[in-house]
Amino acid sequence: HDILMSRLKRHIADAAVLRLIRAYLDAGIMDQGVVQERTQGTPQGGPLSPLLANVLLDDVDRELERRGLRFERYADDCNIYVRSHQAGRRVLAGLRKLYGSLKLSINEAKSAVASAFGRKFLGYELWAGRGGEVKRAVADRAIRTFKDRVEAVMNTPSHHRVHHATNPMYLDRNYAGVFIVWDKLFGTFQPEQDGERIHYGIVKQLGSFNLLWVAFHEWIGIARDLWSAPWGSKLGYLWRQPGWTHDGSRDTSDMIRTRWLEQREAQLAE
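Residues numbered from 1 in each chain as written. Predicted model: local features only at pLDDT ≥ 70, side-chain atom pairs only at ≥ 80, totals over all residues. Heavy atoms only, no water.

## A short note on the packing of aromatic side chains
In this description, a pair of aromatic rings is defined by centroid distance and the angle of the planes. Heads up, the rule is: Each pair of aromatic rings taken from Phe, Tyr and Trp, with Trp reduced to its six-membered ring, is defined by centres within 6.5 Å and is described as stacked if the planes are under 30 degrees apart, edge-to-face if over 60, and tilted in the remaining cases. The cut-offs for exposure are 20% and 50% of the maximum accessible area for each residue type, with area from a 1.4 Å probe on protein chains only; residues under the lower value are buried, those over the upper are exposed, and the others partly exposed. By definition, being over a ring means that NZ of Lys or CZ of Arg is both within 6 Å of the ring centre and within 35 degrees of the ring normal.
Considering all chains together, one arrives at one aromatic pair under this definition. Judged by centre distance (5.1 Å) and plane angle (65°), the rings of Tyr237 and Trp244 are edge-to-face. The exposure classification of Tyr237 matches that of Trp244, with both residues buried. Over the ring of Tyr124 we find Arg136, and its NZ or CZ is 5.7 Å from the ring centre. The aromatic ring of Trp231 is capped on one face by Lys234, whose charged end is 5.0 Å from the ring centroid.

Here's what the structure looks like:
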């Protein structure tokens, strides 16, 4: 922290700002409810972290420019482009000494002398097109991360397939039309499982191809249940889970699912 503060004093004359940054750097880390002191590094993900990295690594940038090297750096992530592996190893050795003079260390697990093609940098990677033209593409890992974030909130084809399945595991799940997060909030979310192939259809056959009956048979069934149910149970047919009856004459989807899970566990135990 002392080296970083000395660099900041070259550009900042306001003592109050310097004291605020120092307090930011010295703020402790809360780990499982326990505050721990920190004497080096900056809070990862904080708004000041990239800026402070640029200030501290300014000397590194100037040295790389002085040597005429081509490089790209964002905060503490840096790629340096040279013509051979031998040159790469020489530059990496020089960087270790340069970082050491700033009381920094290179992350050896993430650093390597390798081809520029296939290396990930800020979510992108380089690839060679026709005629040797170097092009940029979004890295596979970044695409997977994006898909995972979308699937965590939005209704996807996989989620919707589950909604139309008759498997006991998938029965009456994933109601959401757009945002699957609602099913996660209300406990009706079920991801598609690799070992459980989806079976489409309906649990009980309608016995008719009449389009009006297909479209309205559920509403007609609810109306009949409401008409015949005791007064104290009528609201249950509107608000309770699918398959609920006041006299327990039908199974709910939860009952079907529980019975299926018990049978599967018994089969696996044999």
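## Digging into the environment of Arg73
Formally: Elements are defined by DSSP. Helices are runs of H or I of four residues or more, strands are runs of E of two residues or more, and each kind is numbered from the N terminus. We call two residues contacting when some pair of their heavy atoms lies within 4.5 Å.
With respect to the helices and strands, Arg73 occurs in strand E3 (residues 70–74). Residue Arg73 is classed as buried on the basis of its relative accessible area of 18%. Taking the C-alpha atoms as reference points, Arg73 and His199, 126 residues apart in sequence, are found 51 Å from one another. Residues in contact with Arg73, not counting those within four places in the same chain, are Ala53, Asn54, Leu57, Asp61, Cys78 and Phe121.

## Here's the deal with the nonpolar core
Where we set the bar: Residue types Ala, Val, Leu, Ile, Met, Phe, Trp, Tyr and Cys, when buried and joined through side-chain atoms within 4.5 Å, form a set referred to as a nonpolar core.
In this structure, Leu57, Val60, Leu64, Leu69, Phe71, Val91, Leu92, Leu95, Tyr99, Leu102 and Ile106 together form the largest nonpolar core, which totals 11 residues. If you list the elements that add at least two residues to this core, you get helix H4 (58–66) and helix H5 (85–101). For this core, the element with the most residues is H5, which contributes four residues. Contacts of Ile106, omitting those with residues within four sequence positions, involve Leu92, Leu95, Arg96, Tyr99 and Ser111. Counting residues in hydrophobic clusters, the runner-up holds nine residues, among them Leu18, Ile21, Leu25 and Val55.

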